[in-house]
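Fold and contact review
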Amino acid sequence: SLDPGLVQSYFFGGVVIVRDQSSIKKGIEFLERGLKRNPGNWEIPYWIGFGYYQLPDYLKSAEFYEKAAHLPGAPGFLVSIQPMNYYKAGRADLGALYLQGLKKSLKDPDQLKWIEKKLNWLNNIVYLSEKIGRFKAAFGYCPESLQKLKEAGLINNIPADPFGGGYYIEREGCKIKSKFDQK
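So, here's what we can say about the structure. (Residues numbered from 1 in each chain as written. Predicted model: local features only at pLDDT ≥ 70, side-chain atom pairs only at ≥ 80, totals over all residues. Heavy atoms only, no water.)

**Observations regarding the packing of aromatic side chains**
All chains considered together, the criterion is met by 15 aromatic pairs. Ring centres 6.3 Å apart and planes at 85° place the aromatic pair Tyr 46 and Phe 77 in the edge-to-face group. Of this pair, Tyr 46 sits in helix H3 (residues 43-54) while Phe 77 sits in the loop between helix H4 (58-69) and helix H5 (82-88); the two residues are 31 residues apart in sequence, bridging distant segments of the chain. A residue is classified by how much of its surface remains accessible, and Tyr 46, at 23% relative accessible area, is partly exposed. Its relative accessible area of 43% is what places Phe 77 among the partly exposed residues. (Phe/Tyr/Trp six-rings, centres within 6.5 Å; stacked < 30°, edge-to-face > 60°. Helix = DSSP H or I, 4+ residues; strand = E, 2+ residues; numbered from the N terminus. Buried < 20%, exposed > 50% of the residue type's maximum accessible area, 1.4 Å probe, protein only.)

Shown next as structure tokens:
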């Protein structure tokens, strides 16, 4: 009667005592067993998603946060975590797609405003990523800055970051990043 699903035990064994990548993986395996025992509990897939986030396997993290978000009792904030995971995985396009779908289900004007802001942010990243790819295909190297995309005629203006941080090109991997992510 205290904890028939052993949920707190799974939390302790799968989250609290993990300390490095190897134990995080074992913790995830342990939590997955707990999920089989408690398929309707939102906390366990949330903790699994957190484990994958720490690894960092952002696509798997998004998958489990998504699972958790749709279970009874899940807090509302869970539906807005996935886009950041997709961004961190280098798949801002999936984050934007996710937010487009989420936007259709929301009625609250404040939530819609926040989703629109995130969607604008991700769409800018997708747009700039595509332009960086074109630059690299045309010139054979990664542009040093977003200004180079403008000088090459690939963009008219550098889009404003709706979160105010600004965008930049990460030289390693030639990827567009946002200073918002550094906060």
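**Describing a nonpolar patch on the surface**
Among the surface-exposed residues, Phe 12, Val 16 and Ile 17 lie close enough to one another that they form a single nonpolar patch of about 280 Å² accessible area. Tracing the sequence through the fold places Val 16 in helix H1 (residues 7-16). According to the relative accessible area criterion, Val 16 is partly exposed, its value standing at 44%. (Patch = residues over 30% accessible without salt bridge, like charges linked within 9 Å, V, L, I, M, F, W, Y side chains within 5 Å. Areas by Shrake-Rupley, 256 points an atom, 1.4 Å probe, with all protein chains shown as cover. Salt bridge = Lys/Arg side-chain N within 4 Å of Asp/Glu carboxyl O.)

**Looking at the pattern of salt bridges**
All chains considered together, the criterion is met by six salt bridges. Across the pair Glu 63 and Lys 60 runs a salt bridge, and its minimum N-O distance is 3.5 Å. Of this pair, Glu 63 and Lys 60 are both found in helix H4, three residues apart, which corresponds to roughly one turn of the helix. Assessed through its relative accessible area of 29%, Lys 60 is described here as partly exposed. Between Lys 148 and Glu 151 there is a salt bridge, with its nearest N and O atoms 3.7 Å apart. Of this pair, Lys 148 and Glu 151 are both found in helix H8 (residues 146-151), three residues apart, which corresponds to roughly one turn of the helix.

**A closer look at the side chain of Gln 82**
Here Gln 82 shows up in helix H5. Within the local environment of Gln 82, its side chain forms a polar contact with the side chain of Glu 66, the two groups lying 2.7 Å apart. Those residues in contact with Gln 82, other than ones at most four positions away along the chain, are Ala 62, Tyr 65, Glu 66, Ala 69 and Tyr 98. (Polar contact = N/O pair within 3.5 Å; in protein donor to acceptor, adjacent residues only side chain to side chain. Contact = heavy atoms within 4.5 Å.)

**Structural notes on the side chain of Asn 85**
One can find Asn 85 in helix H5. Contacts of Asn 85, omitting those with residues within four sequence positions, involve Tyr 53, Tyr 58, Ser 61, Ala 62 and Tyr 65.

**Comments concerning the packing of H1 against H3**
As a packed pair, H1 and H3 sit with axes 11 Å apart at the nearest point and diverge in direction by 5°. Classed by the angle they form, the pair H1 and H3 counts as roughly parallel. Within the contact between the two elements, H1 uses Val 7, Phe 11 and Val 15 and H3 uses Glu 43, Ile 44 and Trp 47. (Axes fitted to C-alpha atoms, helices over the stretch in contact; angles between N-to-C directions. Parallel < 35°, antiparallel > 145°, perpendicular 65-115°, else oblique.)

**Overview of unusual backbone geometry**
Following Leu 55, the chain continues to Pro 56 via a peptide bond in cis, the omega torsion being -10°. Within the element layout of this structure, Pro 56 appears in the loop between H3 and H4. In this model, Leu 6 sits at a positive phi of 60°, which is unusual for a non-glycine residue. Among the structural elements, Leu 6 can be located in the segment before H1. A relative accessible area of 35% places Leu 6 in the partly exposed class. Of note in this structure, Cys 174 is not a glycine but carries a positive phi near 50°.

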